[in-house]
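Coordinate analysis (summary)
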Amino acid sequence: MTRRNDPSNDAAPGSGPASGKKPLTVPCPQCQKPIAWTTENLYRPFCSKRCKLLDLGAWADGSHRIAGEPHMDETELDELIDRLERGE
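Residues numbered from 1 in each chain as written. Predicted model: local features only at pLDDT ≥ 70, side-chain atom pairs only at ≥ 80, totals over all residues. Heavy atoms only, no water.

Considerations on the overall build of the protein chain
In terms of helices and strands, the protein chain carries two helices and two strands. Listing every helix and strand of the protein chain by position from the N terminus yields β-β-α-α. Within the protein chain, contacts between residues separated by at least 24 positions form 17% of all contacts whose residues are at least 6 apart in sequence. Total accessible area on the protein chain is roughly 7600 Å²; 55% of this is exposed by carbon and sulfur atoms. (Helix = DSSP H or I, 4+ residues; strand = E, 2+ residues; numbered from the N terminus. Contact = heavy atoms within 4.5 Å. Areas by Shrake-Rupley, 256 points an atom, 1.4 Å probe, with all protein chains shown as cover.)

The following block contains the structure:
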């Protein structure tokens with residue numbers, strides 16, 4: 001039986017050392033360096049701790065964002081609700 005939290009399940013199917021196949025290679029999201037997607041790479045999908053931390057910093061300072069509608073603060077929401085209730 002295979003356990004869900006077993007890290008050996010994280011590798012691409014057939015990419016283990018016993019399979020004889022080359023592991024999946026993906027570009028590091030930060031520096032684009034090709035890296036092997038294996039359980040031995042502790043920082044995947046990044047190539048290193050440095051690239052992982054650079055990416056985290058970009059999310060923290062707002063450089064990385066998920067596209068979508070701009071968020072509304074409570075004042076804007078209250079105004080919208082008032083207008084909708086008045087039928088405007």
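Here we look at a negative patch on the surface
On the surface, Asp73, Glu74, Glu76, Asp78, Glu79, Asp82 and Glu85 cluster together into a patch of negative charge. Tracing the backbone shows glutamate 85 in helix 2 (residues 74-86). The class for glutamate 85 is exposed, based on a relative accessible area of 64%. (Patch = residues over 30% accessible without salt bridge, like charges linked within 9 Å, V, L, I, M, F, W, Y side chains within 5 Å. Salt bridge = Lys/Arg side-chain N within 4 Å of Asp/Glu carboxyl O. Lys, Arg positive; Asp, Glu negative; His and termini not counted. Charge placed at Lys NZ, Arg CZ, Asp CG, Glu CD. Buried < 20%, exposed > 50% of the residue type's maximum accessible area, 1.4 Å probe, protein only.)

So, unusual backbone geometry
Arginine 44 connects to proline 45 through a cis peptide bond whose omega is 10°. With respect to the helices and strands, proline 45 occurs in the loop between strand 2 (34-36) and helix 1 (49-60). If you check the backbone angles, glutamine 32 has positive phi at about 70° while not being a glycine. With respect to the helices, strands and loops of the structure, glutamine 32 is situated in the loop between strand 1 (25-27) and strand 2.

Some words on the confidence of the model for the protein chain
On average, residues of the protein chain score 79 in pLDDT, and 77% of them reach the 70 mark or higher. When the elements of the protein chain are averaged for pLDDT, helix 2 gives the smallest value, 86, and strand 1 the largest, 94. (pLDDT = per-residue confidence, 0-100.)

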